Amino acid sequence: MELACRLFGWARRRAENLLSLLLIAMFVAFLLQIVTRYVLNAPLSWTAELSTLTWVWGVLWGAALVLRDEEEIRFDVLYGALGDGARRFCDAVTGLAVVAVFGWSLPAMVDYVTFMKVERSAYLGIRFDILYSVWLIFAVAMMVRHAAIAWRAIAGGRA
């Protein structure tokens, strides 16, 4: 069990490292875009594309593998007013609903992502299946996370 916890912690830190690299790449591309456009009067088109791609990857990667459950933004005015048993019931129902919806749509997502191998991004020429693959990582991670939330709620602990 200790080895599994250490491996999970190591993997989590590497996911944080990749997210940091994505943010650095986005920032550098953004600065390069400003300098070339407004100082040198020779704008670069690929910098806008890189900024957009790193933003999308950063948001989905971070939400899937870096963000902790307690760090998520939630509107819980009604949830906070419920008793412990009702909260666990809500956690179980919503967790299972998320798993069901993502599970139901996952085959279509995989089909779409694999189909997009025929397209490439406009300036960087990166295949769209590679660019969209982060959505599959996000979907699977959300299924695992919400299955764990539902399991904890059903087993009697707080999610």
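Analysis parameters
- Residue numbers here run from 1 along each chain, matching the order of that chain's written sequence.
- Predicted model: local features are reported for residues with pLDDT of at least 70 only, side-chain atom pairs are reported and counted for 80 or more only, and whole-chain, interface and lining totals are derived from all residues.
- To obtain the side-chain values, all non-hydrogen atoms of the structure were included, while hydrogens and water were left out.
- Think of it this way: any DSSP run of H or I at least four residues long counts as a helix, any run of E at least two long counts as a strand, and we number them from the N terminus.
- In this treatment the radius of gyration is a C-alpha quantity, and the globule benchmark scales as 2.2 Å times the residue count to the 0.38 power.
- Think of it in three bands: residues with accessible area under 20% of the maximum for their type are buried, residues over 50% are exposed, and the middle band is partly exposed, with areas taken using a 1.4 Å probe on protein chains only.
- Between N-to-C directions, angles cover 0 to 180 degrees, with each direction set by a line fitted to C-alpha atoms, over the stretch in contact for helices.
- Any angle that falls under 35 degrees is termed roughly parallel, while one over 145 is termed roughly antiparallel, one within 65 to 115 roughly perpendicular, and all others oblique.
- In this scheme the handedness of a crossing depends on how the near helix is turned from the far one: anticlockwise by less than a right angle means left-handed, clockwise means right-handed.
- Amino acid classes used here: Ala, Val, Leu, Ile, Met, Phe, Trp, Tyr, Cys and Pro are nonpolar; Asp, Glu, Lys and Arg are charged; the rest, including Gly, are polar.
- What we call a nonpolar core is a set of buried Ala, Val, Leu, Ile, Met, Phe, Trp, Tyr and Cys residues that are connected through their side-chain atoms within 4.5 Å.
- In what follows, residue pairs with any heavy atoms lying within 4.5 Å of each other are defined as contacts.
- A pairing counts as a salt bridge when a side-chain nitrogen of Lys or Arg comes within 4 Å of a carboxyl oxygen of Asp or Glu.
- Within this scheme a cavity is a closed region of a 1 Å grid, computed over the protein atoms alone, that accommodates a 1.4 Å probe without allowing it to escape, whereas a pocket is open but has protein on both sides within 12 Å along at least five of seven lines; lining residues each have an atom within 4 Å of a point.
- Grid points are joined across faces, edges and corners, and a volume is the space filled by probe spheres set on the points.

(A) Inspection of the overall build of the protein at higher detail. When helices and strands are tallied, the protein shows five helices and zero strands. Along the protein, helices and strands appear, N-terminal first, in the series α-α-α-α-α. Its C-alpha radius of gyration of 20 Å places the protein more than 25% over the 15 Å reference for a compact globule of 159 residues. Dimensions of the protein, computed from the C-alpha atoms along their principal axes, are close to 60 × 40 × 35 Å. Sorting the 159 residues of the protein into buried and exposed places 30% on the buried side.

(B) Quick peek at the packing of helix 1 (residues 2–39) against helix 2 (residues 46–66). As a packed pair, helix 1 and helix 2 sit with axes 9 Å apart at the nearest point and diverge in direction by 160 degrees. With respect to each other, helix 1 and helix 2 are oriented roughly antiparallel. When the axes of helix 1 and helix 2 are compared, the crossing they make is left-handed. Of the residues contributing to the contact of helix 1 with helix 2, the split by class is 17 nonpolar, six polar and two charged.

(C) Molecular detail of the nonpolar core. By size, the foremost hydrophobic cluster in this structure holds 19 residues, and its most contacted members are W57, W61, V66, F102, M109, V134 and F138. Where this core is concerned, the elements lending two or more residues are helix 1, helix 2, helix 4 (84–115) and helix 5 (128–155). When residues of this core are assigned to their parent elements, the largest contribution, seven residues, is made by helix 5. In contact with V134, other than residues within four places in its own chain, are W57, L60 and W61.

(D) Geometry of the pattern of salt bridges. Applying the stated criterion across every chain yields a total of four salt bridges. A salt bridge links R6 to E2; the shortest N-O distance between them is 3.9 Å. Of this pair, R6 and E2 both sit in helix 1, four residues apart, which is roughly one turn of that helix. Of the two residues examined, R6 and E2, each falls in the exposed class. Across the salt bridge formed by D129 and R127, the nearest N and O atoms sit 2.6 Å from each other. Of the residues examined, R127 reaches a relative accessible area of 30% and is grouped as partly exposed.

(E) Summary view of unusual backbone geometry. Positive phi outside glycine occurs at N41, with the angle close to 55 degrees. With respect to the helices and strands, N41 occurs in the loop between helix 1 and helix 2.

(F) Main features of the side chain of H146. For H146, the location among the structural elements is in helix 5. Assessed through its relative accessible area of 14%, H146 is described here as buried. Excluding anything up to four places from it in sequence, H146 contacts G95, V98 and V99.

(G) Focus on the layout of surface pockets. Approximately 470 Å³ is the volume attributed to the largest pocket. F8, R12, A64, L65 and R145 are the residues nearest the centre of the largest pocket, which is lined by 16 residues in total. Residue assignment for the lining of the largest pocket shows that the elements contributing at least two residues are helix 1, helix 2 and helix 5. Looking at the lining of the largest pocket, the element that brings in the most residues is helix 5, giving six residues. Of the residues belonging to the lining of the largest pocket, the class tally is 11 nonpolar, no polar and five charged.

Don't take any of this as a statement about function, it's just geometry.
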